[in-house]
Structures are given as C-alpha cells and as structure tokens.
Amino acid sequence: MAPTLAQELRIHIIGGGMGGMGSALALAKQGYTDIHVWESAREIGEVGAGINITPNLSRILDGWGVLHIAKDEAVALDGASVLNCAKDEVLTSVNFDYIEKEFGYPFFVVHRSALQKCLVTGAKESGRVKLHLGKLVKEWDFDNNRFSVVDRSADGEIQWIDADVILAADGVKSKARTAMLARKGEEDHVQDTGQAAYRIIVKRSMINEDPDLVPFFTGSHSYRWIGEKRHIIVGFNALRGDLTT
Ligand SMILES: Cc1cc2nc3c(=O)[nH]c(=O)nc-3n(C[C@H](O)[C@H](O)[C@H](O)COP(=O)(O)OP(=O)(O)OC[C@H]3O[C@@H](n4cnc5c(N)ncnc54)[C@H](O)[C@@H]3O)c2cc1C
C-alpha cells in the first residue's frame, strides 16, 4: 500500500538515545517513511550502565520485533533485596518469579548499550530511518521549521535541514528545550540538587577474586543499600558475560 501524505512527512529527530531511537522505530513501524535521526556522537558506543527492562517495555520491544536482540545480552533477575546501609541488614526481599507469570515477561536488566543496539538495529532494518552520526545540532529556527547541523568530522561544516516535524530527544541537558523556552521569553533553569551519582562497571573475573563480593554476584539477584543521603545499587549486565555494575 502506498504511504499516505502524513506518512511521507520529513520527520527529524534530534538525539539517537533511548527516546530518539525508540521514537524513530515506533514511527517506522507506523508506516512513516522519511525519518532522520541526528546524533552528535560519532558512534553508538557503550555509554551508560545497567538499565531495567520491565515487562511493559519487553512487550513493546517484542511488538517491534527487537526484544530478542536485547535479550541476548540481558539477565533475568530472580529477585531484589533492599539493605540498610549502616547495618548491612536486609530490610526486605522480593522474589520476581511472579513477574513473568503475571505479566508475560521476566524482569530483565541489560547494559544501556544493548537496549540502544536493539532500537538502532530495528530502526535500520526498517529501511525507513536514516541515522546521521557525528552531527551536532547547533541552532534552532522554529519559525521556519529548520535547524542547523555541524558535521563533527568535516571541519565543522554547517548544514541547514528543513523538516516537517522536529522531535527533540536530546536528553536531560537538552539545548532544544533551552531554545524553545527562550522563544517564549523564559529561561531554562537547571537546579543543582547538590547530589551526585557515580557508576562503576566491574569485570566478573575481578569480583571472583574477592570473597566478600562473590555472594552478591552469585545467581541473578539485585541488591541495593539505602541510607541517609546514600543509595547504592548493584545490578547485572550480561554484556559479553563478564561485566556487572
Ligand atoms: C547508570 C544509569 C542507569 C539507568 N537506569 C535506568 C533504568 O533502570 N531505567 C530507566 O528507565 N532509566 C534508567 N536510566 C536513565 C535512562 O538512561 C535515561 O532516562 C534515558 O537514557 C533518557 O533517554 P533520552 O533519549 O531522553 O536521552 P539519552 O538517552 O541521554 O539520549 C540523548 C541523545 O541526544 C544526543 N544529543 C544531545 N544533544 C545533541 C545535539 N545538540 N545534537 C545531536 N545529538 C545530541 C546525545 O548524544 C544522546 O545520544 C539510567 C541512567 C543511567 C546513567
């Protein structure tokens, strides 16, 4: 069936992260044919750490035909425990067996890059999404529905792109948001919470040498320690079978 006029709209998505690639794939599956994703990173790499794939997300990914890609690198958790930071005592433990029975899919954890990979693969395989890597969106001209892109690999060459629809998915530090608010005469206030989050990725082979850590990484259980102004989460990533966060 020939695409409708709407399905031929020039859709330009800024940012090839979770939101951008998810939107691109969803639009492709809805029959939109002219979808572009502009991503400043030169390659889709292993940025981030553990991310949960809960059954509602699995259902969507399955519908898009890409769940198997993420699943190859995922761990299905058997449960989770919450411990008191100061005393190291278990406050509560939840068994996740019921999750698959009730919702049709287990509670998966993967590396963020595995989730991104499945979205990128699905988008590319649709033949309807063009991913432009190494392209930083610099300026926004909302009145004329266009934006400028700097080619990070070609001496900063600038190109203006005309669009029918622009979807800003440029993450938590979104410059599109700042530009959109400025257009309305408002400032984009970023409030410092005074808190910081750190993440580390450790090879399983290194953990195996530490008897204190081994119990936390035997089986597929997730642990988190909570305390005043402190919160530590230990997750699992099956990425190449040797990493965990
Ligand atoms: C350690 C960790 C664990 C997490 N765990 C979970 C979890 O378990 N569950 C959960 O739901 N969420 C989790 N999150 C949060 C989740 O990763 C984010 O919510 C999600 O990535 C946000 O998606 P996004 O598309 O808005 O932004 P991003 O995924 O950050 O994507 C934004 C993209 O836009 C690109 N970009 C930015 N500016 C420009 C520009 N000007 N031009 C071109 N490209 C641009 C960036 O390079 C980036 O690729 C976790 C995050 C971290 C760091």
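Residues numbered from 1 in each chain as written. Predicted model: local features only at pLDDT ≥ 70, side-chain atom pairs only at ≥ 80, totals over all residues. Heavy atoms only, no water.

The following threshold applies: UniProt positions are given in the numbering used here, feature names are shortened, and annotations may be inferred rather than shown by experiment.
For the protein, an unreviewed UniProt entry supplies the name FAD-binding domain-containing protein and the organism Kwoniella shivajii. According to the UniProt record, the Sequence similarities (unreviewed entry) comment for the protein reads "Belongs to the paxM FAD-dependent monooxygenase family."

### Notes on the overall build of the protein
As a reminder of what qualifies: Strands are runs of DSSP state E lasting at least 2 residues, helices are runs of H or I lasting at least 4, and numbering of each runs from the N terminus. Each residue gets one of three labels from its accessible area relative to the maximum for its type: buried under 20%, exposed over 50%, partly exposed in between, using a 1.4 Å probe on protein chains only. The contact definition used throughout considers only heavy atoms, calling two residues in contact when any of these lie within 4.5 Å. We get accessible surface area from the Shrake-Rupley algorithm with a probe of 1.4 Å; when it comes to residues, only the shown protein chains can shield them.
When helices and strands are tallied, the protein shows seven helices and 16 strands. Each principal axis of the C-alpha atoms in the protein carries an extent, and together these give about 60 × 45 × 35 Å. Across the 245 residues that make up the protein, the buried fraction comes to 38%. Restricting the contact set of the protein to residue pairs at least 6 apart, pairs at least 24 apart contribute 64%. On the protein, roughly 14,800 Å² of surface is accessible, and the fraction owed to carbon and sulfur atoms is 51%.

### Structural notes on the sheet that holds strand β10 (residues 146–151)
Short version of the rule: A pair of strands is considered paired only if DSSP assigns at least 2 bridges between the two. Lines fitted to the C-alpha atoms define the axes, with helices restricted to the stretch that makes contact. Angles between their N-to-C directions range from 0 to 180 degrees.
Pairing is antiparallel in the open sheet, where three strands are placed in the order β9-β10-β11. Strands with a single pairing partner mark the edges of an open sheet, and in this sheet they are β9 (135–141) and β11 (157–162). Averaged over all neighbouring strand pairs, the angle between strand axes comes to 30°, with direction disregarded. Of the pairings in the sheet, the one linking β9 to β10 comprises six bridges and is antiparallel in character. Following the sheet pairing, lysine 135 is matched in β10 by aspartate 151.

### Structural notes on the site of the ligand
For clarity, the threshold we go by: Here a residue counts as near a molecule or strand whenever at least one of its heavy atoms sits within 4 Å of it. N or O atoms within 3.5 Å of each other form a polar contact, as long as, within protein, one can give a hydrogen and the other can take it, and as long as residues adjacent in sequence are counted only when both atoms are side-chain atoms.
Taken together, 20 residues sit near the ligand, with Gly19, Glu39, Asn52, Arg112 and Val137 positioned nearest. A distance of 3.1 Å separates a nitrogen atom of the ligand from a polar backbone atom of serine 40. Here a nitrogen atom of the ligand and a backbone polar atom of glycine 50 are 3.1 Å apart. The protein chains hide 60% of the 980 Å² of surface that the ligand would expose on its own. For the shell around the ligand, the secondary structure elements donating two or more residues are α1 (18–29), β2 (35–39), β3 (50–53) and β9.

### Focus on unusual backbone geometry
Of note, asparagine 145 is a non-glycine position whose phi angle comes to about 50°, a positive value. Position of asparagine 145 among the secondary structure elements: in the loop between β9 and β10. Unusually for a residue other than glycine, lysine 229 sits at a positive phi of about 60°. When you line up the elements, lysine 229 lands in the loop between β14 (221–227) and β15 (230–234). Classification of lysine 229 as exposed rests on a relative accessible area of 81%.

### Overview of the pattern of salt bridges
Note the cut-off: Between Lys or Arg on one side and Asp or Glu on the other, a salt bridge is scored when a side-chain nitrogen of the former is within 4 Å of a carboxyl oxygen of the latter.
Enumeration over the complete set of coordinates arrives at six salt bridges. Notably, a salt bridge pairs glutamate 73 with lysine 117, separated by 2.7 Å at the nearest N-O pair. Here glutamate 73, found in the loop between α3 (67–71) and β4 (75–76), pairs with lysine 117, found in helix α5 (residues 112–126); they are 44 residues apart in sequence, far enough to count as distant. Among the salt bridges present, the one from arginine 183 reaches aspartate 143, with a minimum N-O distance of 2.7 Å. Pair noted here: arginine 183 is in helix α6 (residues 175–183) and aspartate 143 is in the loop between β9 and β10, with a separation of 40 residues, a long-range link. With relative accessibility at 45%, the residue arginine 183 sits in the partly exposed group. Look at aspartate 143 and you get exposed, because its relative accessible area is 61%.

### Examining the domain arrangement of the protein
The condition is simple: An automatic or database domain assignment supplies the start and end points of every domain. Summed over both partners, buried area is the accessible surface (1.4 Å probe) that two parts give up on being assembled. Nonpolar residues are Ala, Val, Leu, Ile, Met, Phe, Trp, Tyr, Cys and Pro. Charged residues are Asp, Glu, Lys and Arg, and all others, Gly as well, are polar.
The domains assigned to the protein are domain 1 (7–50 + 112–183) and domain 2 (69–111 + 197–244). Each partner contributes residues to the interface: domain 1 has twelve residues there, and domain 2 has ten residues. A combined buried area of about 970 Å² lies between domain 1 and domain 2, and 60% of that area is made up of carbon and sulfur atoms. Taken together, domain 1 and domain 2 are joined by one salt bridge. In this structure, the connection of domain 1 to domain 2 is made through four residue pairs in polar contact (both at pLDDT 80 or more). By residue number, the principal contributor to the side of domain 1 that touches domain 2 is α5, which donates seven residues. The class makeup of the residues in the side of domain 1 that touches domain 2 is five nonpolar, four polar and three charged.

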